[in-house]
Structure formats: structure tokens, C-alpha cells
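Chains, contacts and geometry: an overview
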Amino acid sequence: MTSETTLLLITPSQEMGAAVSSALSSNDRFRLKGVCLNLKDLAEHAQSAAPSAVLLDIDPDPRRILADLESISGRFPDTRFIVLAESLRNDLVLEAMQAGARHFMLKCDLDSDLGAVLQRLVGSKLAPSEMRGLVGTVLSVSGGCGGTTVAINLANELSLLSSKAALLVDLDCNYGGASTYLGLAGEYGIADVLERNGDLDPQLIRSTAREYSDGLRLLINPMTVDPKSPVSLRYDHLPSAIRECRRSYEFTIIDAPRVSMDTAAQLADAGDATFLILQLTVKDLAMARLMLSALKERGVFAEALTVVINRHQKRQRMVTLEDVRTTLGEIPLTCISNDYPSAIKGLNYGQPLAEAAPRSAMRRDLRAVAAKFRERCQEATA
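The text that follows walks through the structure, step by step, so that each part is easy to find. (Residues numbered from 1 in each chain as written. Predicted model: local features only at pLDDT ≥ 70, side-chain atom pairs only at ≥ 80, totals over all residues. Heavy atoms only, no water.)

This part takes up the environment of A101. With respect to the helices and strands, A101 occurs in strand β5 (residues 101-106). Looking at A101, the relative accessible area reads 1%, which means it is buried. Along the backbone, A101 and V83 are 18 residues apart, and their C-alpha atoms lie at a distance of 6.5 Å. Those residues in contact with A101 that sit more than four places away from it in its chain are L69, F81, V83, A96 and R196. (Helix = DSSP H or I, 4+ residues; strand = E, 2+ residues; numbered from the N terminus. Buried < 20%, exposed > 50% of the residue type's maximum accessible area, 1.4 Å probe, protein only. Contact = heavy atoms within 4.5 Å.)

What follows is the structure, given as C-alpha cells:
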């Protein structure tokens, strides 16, 4: 979707107006529509159509202006707010992001960076109906059952199958999960996305996600962002976040170990497929039965889930696939080969199996799961 890209500048300084006009003079894609003295004038200037972006000079009174931005930004969900300041202060950067800004820019960088920033933030907006990606959730019945390994490789294989970027959402707030596995860190992650709720859009999802490779992006968990005092996740905001993930990526895989049953049901309802990961042990089978019962009480039925038996060995074991079917009932079932050398190689190198062990049996099985998920969901949405 293309539209005229108009900008507003909010500043009491005439010099700033001249500086912005100068920075845009060589770029015919963006037009400065007007200059306002303060945020209160924004509503009047945006009566006919909201501007694509607002350049906000906070130097006159940073705290007050950012407080005003927080109160007004929600009224303009399609407008990108870019904060301008003379100096970079970490506390103000954080306040600006929390208030609804998409970028914090130094005034001295206007000439060199403004065009590129505007191109990234508003150069190619998506229409709401332009994309409806598929979402899958990975639930683990116990610690160490391999759920995170499955989630990482599902996302990566879906990207490889489709030649499009996939998003992995890391909800492991205890041990770092996929973020630690892939060696990714950053200042913002899924917790910051969930804080925004109604002020979400695909651009925020894409700009917050960390890049592992051309095909794999990751919304990191709060433990990785700040292990000393990780923030709590706003699970009640998950539906709106998942909606924007659909608009942002062809495929989204959510790694959700140790979540409550209410959250698990919420994820199952919002997604297209749910994978329940377990090993063939008495403990895992008993926990899987309890989880299925709890999900059923919340309106999620077994037919909507897929049980994934991880580290499966073909030789006879104390717990068999027949025991699983007898205990869990009629539920889709698939197996991932027990391939410890390949799994540990991927973990040690911090790589998906497509890189660490591309010819492994485990990778073959995970690729088949990804292909089936893709095919089944595409048929359902056709």
C-alpha cells in the first residue's frame, strides 16, 4: 500500500524548522506538512488525515513533553513519532519508547540519517489485510523435554521452506531459552511489545525483533534483556501481540515453556497450531494427560493439538506409543528421532540443525513437522 508520506514537526524553534527542511530537501518521498508549537496542536493539524510521522523536539522540557506524548500517541496508531534531542540520554530514550516514540534521533544527525530513518519507519507500511501469517505455539510438559530445540528448528525450517523470514517468540522467563541458545541479546524484547498492547503495529514487531539470520528473527525474553531484574510479561496482551505478529511475518512460532494453563489456552485459541512436547517417560505422559485435561476445561480440545514425542527411539521402551494413545486418546501424534549428537552440536554452537547438522535424522523429522504445519494451515485458510 502506498500513500503520500507527510510529516509534522513539533518545536518552538524556527531554526529546527529550517534544519528539518534542509534535511528533506534532497528527498522527494517525504514532505513537511507543517510545524506545530506543541503536541496539543497536533489534533488540529491532523483533522483531515493523520501525518505519517511526527518529529518531536523534546529539548524545551523533555519530561513534560514525553508525558504529553504518552497521553496522545494512542490516538494516532498509524503515526510514527520520532523524538529529536541535542544529547543522548539512556533514561530519556527509555521514556520516549514507553511513551510511544519509534525512534530517538540526535539533532546533529538530521542531515545524514533522517531520510533513512523515515524510509525504515514509514516508507512501506502494510495494509491490515495485506498479510495474515500463520502462528504455532510450542508447549513443554516438563523441563528438559526439548521444547525450545523444537521451537527454534520449526521456525528456522519454516523460513527455509518458504524463503521468507520467520519470527520466534521466546516466552521463557526463567532460563533464557531460545535467546540464550541462539546467543542473542538486546535492550528490548517481547516484554516491551506486550506492554504496548493497543499501540502495536508490524513496524514495532519488526524493529524490536533481533536478527539471527536472513530468515530467522527473535523476540527475546525479559531474562535475557535484564537477568538481574527481569520484568513480568503482560500475558493478557498476548492476543493483540499475536495479531500483529501475523501481519509482520509469514510464520510465527511461540516457545512457551512453563506458562500457566490459562496462558496456554490463550495461545492455543489465538494460534493456528499447538505442539505439546514430551518424552516417552511416565512423568511426562502423566503431565501431558493433566495438561490436556486442563486445556479441555478451558475450551481447547485434543484435536486442535499435536503431541510431539521428542527423542524417540524405535526399540522397545517402558512407555510406548500405544501407551500414549491409550492415555491421551485420539490426538495427532508425531515423533522426533533421538539424535543426541546432532542436538548437542546445535546447542554447543548455538545454531539450528540446518546449520549444525543438516543431514541429521532429527533435522529431517523437524523439517517434516514444519512442512506438515505449513501445508495444513494453508489448506485451512485457503
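Continuing now.
Next up on the list: the packing of helix α12 (residues 261-270) against helix α13 (residues 282-297). Where α12 meets α13, the closest approach of the two axes is 9 Å, and the angle between their N-to-C directions is 70°. By the criterion of interaxial angle, the relationship of α12 to α13 is roughly perpendicular. Crossing geometry of α12 relative to α13 is assigned as right-handed. Residues M261, A264 and A265 of α12 form the contact with α13, whose own contacting residues are M291, A294 and L295. Residue classes in the contact of α12 with α13 are distributed as six nonpolar, no polar and no charged. (Axes fitted to C-alpha atoms, helices over the stretch in contact; angles between N-to-C directions. Parallel < 35°, antiparallel > 145°, perpendicular 65-115°, else oblique. Left-handed = near helix turned anticlockwise from the far one by under 90°. Nonpolar A, V, L, I, M, F, W, Y, C, P; charged D, E, K, R; others polar.)

This paragraph deals with the side chain of T11. Here T11 shows up in the loop between β1 (5-10) and α1 (14-24). In this structure the side chain of T11 is engaged in a polar contact, spanning 2.8 Å, whose partner is the side chain of D57. Those residues in contact with T11 that lie beyond four places of it in its chain are M16, V35, C36, L37 and D57. (Polar contact = N/O pair within 3.5 Å; in protein donor to acceptor, adjacent residues only side chain to side chain.)

Taken as a whole and assessed by the stated rule, the structure comprises 20 salt bridges. Its salt-bridge partner being D57, residue K107 comes within 2.8 Å of it at the nearest N-O pair. One end of the pair, K107, is in the loop between β5 and α5 (110-122); the other, D57, is in strand β3 (residues 53-57), with 50 residues separating them in the sequence. With relative accessibility at 13%, the residue K107 sits in the buried group. Taking the relative accessible area as the measure of exposure, D57 reaches 3% and is therefore buried. The salt bridge involving R246 is made with D272; its shortest N-O contact spans 2.7 Å. With R246 in helix α11 (residues 238-248) and D272 in the loop between α12 and β11 (273-278), this pair connects stretches of sequence that are 26 residues apart. Residues joined by salt bridges that share partners form a network here, namely R63, R89, D91 and E95. (Salt bridge = Lys/Arg side-chain N within 4 Å of Asp/Glu carboxyl O.)

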